[in-house]
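Here is what each chain is made of, one letter per residue.
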Amino acid sequence: MSSSSTTTTTTRLLMLKASDGVTFEVEEAVATKLGAINNMVEEEGSEDLICLPNVNGKFLGMVLEWCKKHANNNTNSDKGNDEVNKWWDKEFVMDLDQNTLYHLLMAADYLSGTELVDLLTEKVASMIRGKKVEEIRETFKIKSDFLPGQEEEIRKKNSWAFE
Amino acid sequence: MVLAPDMQPPQRKRKRRITAAVAVASLPLQMMKEILCRLSAKDVLRYRSVCKDWRSLIDGPDFIATHLNRSKLGVLINGDDSLQLLRIDLEEEEVLSSSPPERFTHPFDQDTGRTIAVLGCCNGLLLVGFSTDTEEQGMAIWNPSTRKCTTLSYNTDSIYKSQVIGFGYDPVNDDYKLLTSTIISLARGGGGEYILELRSCCYEYQLYSLKAKTWKTLDKGFHDNYGYQYGHALVSNALHWIVIPKLEQLGRDSSPPLSTFIFAFDLVTETGRRLSMPNLVIEGEKPCTYHRLVELGGSLCVVSGYRGIPPDCHFDIWIMKGDNTTMPWVKLFSLVPSNVGTHYLSSLLPLTYNTTGDQVLLAINFRTLIVYDLRTRTAKDVRISGVGECFNACMCVSSLVNWN
């Protein structure tokens with residue numbers, strides 16, 4: 001994003017339409033925090049209405065809330081603002097339940113919101129640190145597909161990691 | 001990032017509505033990679049047994065590389081009988097309240113009584129030398145985070161001592177290489193007698209490839225000087241060490257004394273070249289009695305010490321800013337013992353600094369770790385526990401890097 005976009009007097013508004021028909025009117029500078037939207041806007045003669053058939057309105061709203069915060073604070077970046085952003089990000093992910101977190105992560109990835117994906121993957125990582133294998137399977141709804149005895153062999157190889 | 005197959009790129013005009021049917025708690029493997037690469041090596045090795053997909057993901061070279069890139073540098077502290085990786089974040093206001101250190105178990109049974117010395121460190125792999133009272137000395141390549149360890153022996157027929165110069169990575173051939181030197185003949189004194197004087201002996205240089213598992217002898221005349229007791233620095237895939245010219249060259253009255261220089265051995269091209277040292281001679285002062293070559297924040301760094309009784313004692317820290325300029329060396333800072341809360345400075349090792357460059361982590365006298373503030377010229381102690389009286393420190397990451 002070029003810094004000149006913040007100095008233009010007329011702010012272009014974009015309409016983003018979620019899979020459930022919910023629409024959001026956002027400033028271009030906000031929406032272009034998302035790589036996928038930015039690419040479309042950079043294309044010549046792009047429309048103001050963008051349909052996002054893979055994102056539900058609830059999660060698109062949350063993604064845009066994050067974009068708005070980070071687009072605003074980007075205009076005058078100094079160390080103080082970095083701190084504010086960090087604090088805000090912490091609050092943003094603090095109380096997300098697992099379900100919301102996953103959908104948000106998929107939405108952010110789909111829209112190429114790299115910084116937001118970073119924030120959310122770090123949050124998931126912090127939730128699964130130091131867990132037992134069984135807890136991980138439970139969290140991610142994964143069934144073991146190892147043959148009998150195979151899993152034991154794998155565990156044996158790094159038995160110290162299970163202590 | 002790769003989109004999951006059930007995802008479509010966003011469309012400018014809505015053509016048809018696809019209701020996203022993402023199952024709760026199921027994330028594509030690509031996304032799992034982004035999450036798992038943020039975890040510790042121990043967690044990741046445990047999660048290999050979650051399912052087949054995770055196992056092959058975690059074992060893949062791509063994952064190992066991503067995990068390595070995400071790893072944050074820590075301070076590896078090798079104490080009398082413990083090895084630990086301490087995370088210190090100089091960017092944080094409260095640097096000293098870091099998370100508990102990661103303690104590593106020695107690769108050898110404790111009861112063998114082997115002590116280890118870290119001779120080189122690269123991408124989470126350590127080259128360690130070990131010795132016992134009864135056993136001959138040896139060395140090993142060891143990843144303390146995965147506990148994989150392979151012992152190596154020097155490759156030489158010489159009856160004299162071999163020594164490790166350094167260990168590093170060749171990214172072009174994806175190989176780890178180890179450079180050693182061995183005395184092959186002693187020097188002759190004036191009366192024709194042989195003298196074991198390290199600075200006058202002839203050396204043979206050998207390079208080990210971890211990938212090929214072979215040694216090769218480097219061309220004779222590669223260079224015949226000695227000086228790597230001042231440490232080595234791994235910068236831009238090249239091993240660097242300080243070279244002191246041979247004694248007989250120094251002694252000749254007619255020729256001007258040869259000055260010390262830095263030798264850089266490129267691990268990719270396997271060729272060497274000379275670099276200049278900073279000007280360490282200060283008019284009217286005692287000569288520099290302490291040299292140390294280290295890597296600091298990706299640059300070559302020389303520490304020169306003028307040891308003595310205060311106020312004569314001071315240390316200068318030089319950094320190389322690009323080696324093509326006519327004045328490549330810049331003095332980063334100088335300090336006297338009182339700056340770092342001690343009466344006597346025998347050794348000083350800079351480890352890392354923060355982004356603004358005003359806080360430097362220093363290991364002092366092999367006994368304390370301090371954060372030194374360049375603006376206020378004051379130091380804060382970093383509390384470390386369970387290392388014993390003396391320790392060595394270097395910067396290191398925790399990684400899953402593997403070898404066959």
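Residues numbered from 1 in each chain as written. Chains lettered and ligands numbered in written order. Predicted model: local features only at pLDDT ≥ 70, side-chain atom pairs only at ≥ 80, totals over all residues. Heavy atoms only, no water.

Caption draft 1: Expanded view of the overall build of chain B. Scanning chain B from N- to C-terminus turns up 5 helices and 26 strands. Taken across its 404 residues, chain B has 49% of its residues classed as buried. If you take every contact in chain B between residues at least 6 apart in sequence, the share linking residues at least 24 apart comes to 49%. Accessible surface, chain B: about 20100 Å² in total, of which carbon and sulfur atoms supply 50%. (Helix = DSSP H or I, 4+ residues; strand = E, 2+ residues; numbered from the N terminus. Buried < 20%, exposed > 50% of the residue type's maximum accessible area, 1.4 Å probe, protein only. Contact = heavy atoms within 4.5 Å. Areas by Shrake-Rupley, 256 points an atom, 1.4 Å probe, with all protein chains shown as cover.)

Caption draft 2: Spotlight on the packing of aromatic side chains. Applying the stated criterion to the full structure yields 10 aromatic pairs over all chains. Measuring from centroid to centroid gives 5.0 Å for Tyr208(B) and Trp215(B), while their planes differ by 50 degrees, and the two rings are tilted. A connected cluster of aromatic rings, assembled from ring pairs, spans Tyr102(A), Phe140(A), Tyr47(B) and Trp54(B). Between the NZ or CZ atom of Lys148(B) and the centre of the ring of Trp403(B), over which it lies, the distance is 5.0 Å. In this structure, Arg274(B) is placed above the aromatic ring of Phe261(B), and the distance from its NZ or CZ to the ring centre is 3.8 Å. (Phe/Tyr/Trp six-rings, centres within 6.5 Å; stacked < 30°, edge-to-face > 60°. Lys NZ or Arg CZ within 6 Å of the ring centre and 35° of its normal.)

Caption draft 3: Up close: the interface of chain B and chain A. Taken together, the contacts link 45 residues of chain B with 55 residues of chain A. The junction of chain B with chain A conceals about 4600 Å² of combined surface from both sides, 62% of it contributed by carbon and sulfur atoms. Between chain B and chain A we count 3 salt bridges in total. One salt bridge connects Arg38(B) with Glu122(A), and the closest N-O pair in it is separated by 3.1 Å. (Buried area = accessible area lost by both parts, 1.4 Å probe. Salt bridge = Lys/Arg side-chain N within 4 Å of Asp/Glu carboxyl O.)

Caption draft 4: Just the sheet that holds strand 21 (residues 329–335) of chain B, in detail. Residues and elements named next belong to chain B. Reading across from one edge, 18-19-20-21 is the order of the 4 strands in this open sheet, with antiparallel pairing throughout. Where the open sheet ends on each side, the last strands, each with one partner, are strand 18 (290–296) and strand 21. Neighbour to neighbour, the strand axes of the sheet diverge by 25 degrees on average, direction disregarded. (Pairing = 2+ DSSP bridges. Axes fitted to C-alpha atoms, helices over the stretch in contact; angles between N-to-C directions.)

Caption draft 5: Region of the structure containing the environment of Ser185(B). Residue and element names in this part refer to chain B. Assignment of secondary structure puts Ser185 in strand 9 (residues 175–185). When its relative accessible area of 29% is taken as the criterion, Ser185 is described as partly exposed. Along the chain, Ser185 and Leu29 lie 156 residues apart, while their C-alpha atoms are 59 Å from each other. If we skip the residues at most four places from it in the chain, Ser185 touches Cys201 and Cys202.

Caption draft 6: Expanded view of the packing of helix 1 (residues 29–36) of chain B against helix 4 (residues 61–70) of chain B. Residues and elements named next belong to chain B. In contact at an axis separation of 9 Å, helix 1 and helix 4 are set at 35 degrees when each is read in the N-to-C sense. Side by side, helix 1 and helix 4 meet where Lys33, Glu34 and Leu36 of the first sit next to Asp62, Phe63, Thr66, His67 and Arg70 of the second. The residue inventory of the contact of helix 1 with helix 4, partitioned by class, reads 2 nonpolar, 2 polar and 4 charged. (Nonpolar A, V, L, I, M, F, W, Y, C, P; charged D, E, K, R; others polar.)

Caption draft 7: Quick peek at the environment of Lys33(A). Residue and element names in this part refer to chain A. Its place among the elements puts Lys33 in the loop between helix 1 (28–31) and helix 2 (35–42). Along the chain, Lys33 and Ile142 lie 109 residues apart, while their C-alpha atoms are 33 Å from each other. Of the polar contacts made by the side chain of Lys33, one reaches the side chain of Glu115; its length is 3.4 Å. (Polar contact = N/O pair within 3.5 Å; in protein donor to acceptor, adjacent residues only side chain to side chain.)

Caption draft 8: Local environment of helix 6 (residues 114–127) of chain A. Spanning 14 residues, helix 6 of chain A covers 20 Å between terminal C-alpha atoms, matching the ideal 20 Å at 1.5 Å per step. Among all positions of helix 6 of chain A, only Leu116(A), Val117(A), Leu119(A), Leu120(A), Thr121(A), Lys123(A), Val124(A) and Ala125(A) are buried. (Expected span 1.5 Å × (residues − 1).)

Caption draft 9: Looking closely at the nonpolar core. Formed by 83 residues in total, the largest nonpolar core has its most connected members in Phe140(A), Leu36(B) and Trp54(B). In this structure, this core is formed jointly by two domains, domain 1 (29–70) and domain 2 (106–249 + 263–269) of chain B, each of which donates at least three residues. Counting 36 residues, the second largest nonpolar core, distinct from the first, contains Ile88(B), Tyr290(B), Leu345(B) and Tyr372(B). (Core = buried A, V, L, I, M, F, W, Y, C linked by side-chain atoms within 4.5 Å. Domains from an automatic or database assignment.)

Caption draft 10: How the structure looks around a negative patch on the surface. A contiguous patch of negative charge, built from Asp82(A), Glu83(A), Asp89(B), Glu91(B) and Glu92(B), is present on the exposed surface. Within the secondary structure, Glu92(B) is located in the loop between strand 2 (83–86) and strand 3 (102–104). (Patch = residues over 30% accessible without salt bridge, like charges linked within 9 Å, V, L, I, M, F, W, Y side chains within 5 Å. Lys, Arg positive; Asp, Glu negative; His and termini not counted. Charge placed at Lys NZ, Arg CZ, Asp CG, Glu CD.)

Caption draft 11: Just the confidence of the model for chain B, in detail. Residues and elements named next belong to chain B. Per-residue pLDDT for chain B averages 82, and the proportion of residues at 70 or more is 79%. The secondary-structure element of chain B with the lowest mean pLDDT is helix 5 (residues 247–251), recorded at 52, while helix 4 shows the highest, at 96. Across residues 13–24 the pLDDT falls below 50, and counting only partners more than four positions away or on other chains, this stretch makes 17 contacts in the model. pLDDT under 50 marks residues 250–256. Its contacts with residues more than four places away, or in other chains, come to 5 contacts. (pLDDT = per-residue confidence, 0-100.)

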